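Close look at the chain arrangement
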Amino acid sequence: MDSREAQDRFRKADKLFTYGRYEDVLVELEALEQHFPSNHRLLNAKARTFEQLGRLSESLAVCDRLLNEFRYEKIQPVRDRVAAALTRQNAAPQQAFWANEPAAEDAEEIPEAEDASNDAPAAERRFRIKPVRLALLAAVLAAMYFGYISYLTGGILIAGWFILVFLVKKLVGALFMRLFTTPFRMKGKALAGATCTVHGHAWAEKPADADGNGEDEDEDEDEDEGEGEGCNGAPDRPLRYVWIDVTITPQPRTSGFTHWEPGELMLAPLSMRYKGLDDMDKCFGVRDIKLVVDGQIQEEEGMKYHGPLRLRILAGVPEDESAFKFVYYFEQFGEIHLTP
């Protein structure tokens, strides 16, 4: 699967999630996971999809993997929510985790040590040394003890080895993330430096497909930036809904991506520091989009457009925010000020 196909399938899964078609979302995510098994954004989306499907034990398992393997702390609120739901079903999270494992008569086939490893706290697993590294460390220590190398040389070798491993891990991770996000950076350039003209706005009732708690889509919460309606997330902050009448005008481009998709737009608080895809979960998803052509309102059918476009956008925004900007992948532009 090339990067373009992966990008298209991820966008498709995101839209399917918005429409509540969670089984179809899971199909797309599992196809992507075969090619990107260690991508934390895919695992994040998979955990949330399992939660929406009511497959709480599987959601909890993915959350634990994100926490233990990737130190992805942003998933902690989701895990807490899933664990609480399991508790309400009178099943402890540890029991529910094995709900889909072999029956009791087959339990002896699962080594006890494996259970202990999965139940080990993250802090204990974090500093576990792999056997090969442990053997090398023991060899250097033995050489130092028997005088084959000096303590200074041994210390330098040990420190240098761990520094090298750390740097290689960071470099490979950064390179992989750069390669994965390159298509999104290129696509976002279609609206680099774009401007927007706001013609007006009108407050609206909560859409019928929003749940009874006033929550919209699922959310990746962040303690530092606060909570909100992310592209995949459900807000804890009260939302109000607004139709925004706006014309978006891209900068002229003669190369690269020149077409853009209104359905990929999001809103973010004007004061929020947006750095890229990892911050998309702090943005606010668009609920509906209409085209305004020659004064007539038309349905937007997920097409790509070139040049300026007048839109009417329905979005859910926090009640305590009044100034927003548009976000399009890695690009951000415009100012939208909402009055009561």
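Residues numbered from 1 in each chain as written. Predicted model: local features only at pLDDT ≥ 70, side-chain atom pairs only at ≥ 80, totals over all residues. Heavy atoms only, no water.

1. Here's the deal with the overall build of the chain
- Counting secondary structure elements, the chain contains 10 helices and 10 strands.
- Counting across all 340 residues of the chain, residues that qualify as buried make up 42%.
- Restricting the contact set of the chain to residue pairs at least 6 apart, pairs at least 24 apart contribute 67%.
- Accessible surface, the chain: about 18,700 Å² in total, of which carbon and sulfur atoms supply 55%. (Helix = DSSP H or I, 4+ residues; strand = E, 2+ residues; numbered from the N terminus. Buried < 20%, exposed > 50% of the residue type's maximum accessible area, 1.4 Å probe, protein only. Contact = heavy atoms within 4.5 Å. Areas by Shrake-Rupley, 256 points an atom, 1.4 Å probe, with all protein chains shown as cover.)

2. Some points on the pairing of strand β5 (residues 284–293)
- The buried fraction of β5 is high, at eight of 10 residues.
- Bridging between strand β4 (residues 266–269) and β5 involves two bridges; their strand directions are antiparallel. By the bridge assignment, leucine 267 is partnered in β5 with phenylalanine 284.
- In terms of strand pairing, β5 meets strand β8 (residues 309–318) through five bridges, oriented antiparallel. Each residue of the ladder has a partner; that of isoleucine 289, found in β8, is isoleucine 313.
- For β5 and strand β6 (residues 296–299), the ladder comprises four bridges, and the chain directions are antiparallel. (Pairing = 2+ DSSP bridges.)

3. With respect to unusual backbone geometry
- Phi at arginine 71 is positive, roughly 55 degrees, even though this residue is not glycine.
- Secondary-structure assignment places arginine 71 in the loop between α4 (56–70) and α5 (76–88).
- Take arginine 71: its relative accessible area is 28%, and that puts it in the partly exposed class.
- Although it is not a glycine, aspartate 294 sits at a positive phi angle of roughly 55 degrees.
- With respect to the element layout, aspartate 294 can be found in the loop between β5 and β6.
- When its relative accessible area of 75% is taken as the criterion, aspartate 294 is described as exposed.

4. Considering the pattern of salt bridges
- Enumeration according to the criterion identifies 17 salt bridges in this entry.
- Linking lysine 290 and glutamate 299 is a salt bridge whose minimum nitrogen-to-oxygen distance equals 2.4 Å.
- Judged by its relative accessible area of 48%, glutamate 299 is partly exposed.
- Through salt bridges with shared partners, one network takes in Arg11, Lys15, Lys187, Glu261 and Glu264. (Salt bridge = Lys/Arg side-chain N within 4 Å of Asp/Glu carboxyl O.)

5. Some points on helix α3 (residues 40–53)
- Between the first and last C-alpha of α3 there are 20 Å, a value that for 14 residues agrees with the 20 Å anticipated at 1.5 Å per step.
- Counting buried positions over the 14 residues of α3 gives 12, a clear majority of the element.
- Residues His40, Arg41, Leu42, Leu43, Asn44, Ala45, Lys46, Ala47, Arg48, Thr49, Phe50 and Glu51 constitute the buried set of α3.
- Near the N-terminus of α3, the side chain that reaches the backbone nitrogen of arginine 41, with its oxygen 3.1 Å away, is that of asparagine 39.
- Downstream of α3 by a residue or two, glycine 54 has a phi angle that is positive, lying close to 80 degrees. (Expected span 1.5 Å × (residues − 1). Polar contact = N/O pair within 3.5 Å; in protein donor to acceptor, adjacent residues only side chain to side chain.)

6. What to know about the nonpolar core
- Among the nonpolar cores identified, the biggest contains 39 residues, and Ile248, Trp260, Leu265, Leu267, Leu311, Phe326 and Phe333 are the most heavily contacted of them.
- At the level of elements, β2 (239–249), β4, β5, β8, β9 (323–328) and β10 (331–337) are the ones that each hand at least two residues to this core.
- Here this core takes five residues from β8, the largest share from any one element.
- Dropping the residues within four chain positions of it, leucine 267 is found in contact with Ile244, Cys283, Phe284, Ala315, Val317, Phe324, Lys325, Phe326 and Ile336. (Core = buried A, V, L, I, M, F, W, Y, C linked by side-chain atoms within 4.5 Å.)

7. Concerning the environment of tyrosine 72
- Mapped onto the elements of the fold, tyrosine 72 is located in the loop between α4 and α5.
- Its relative accessible area of 10% is what places tyrosine 72 among the buried residues.

8. Let's talk about a nonpolar patch on the surface
- Together, Leu136, Trp161, Phe162, Leu164, Val168 and Val172 make up an exposed nonpolar region whose accessible area comes to about 530 Å².
- Element by element, the count of residues in the nonpolar patch is highest for helix α10 (residues 151–188), at five residues.
- Take phenylalanine 162: it is sitting in helix α10. (Patch = residues over 30% accessible without salt bridge, like charges linked within 9 Å, V, L, I, M, F, W, Y side chains within 5 Å.)

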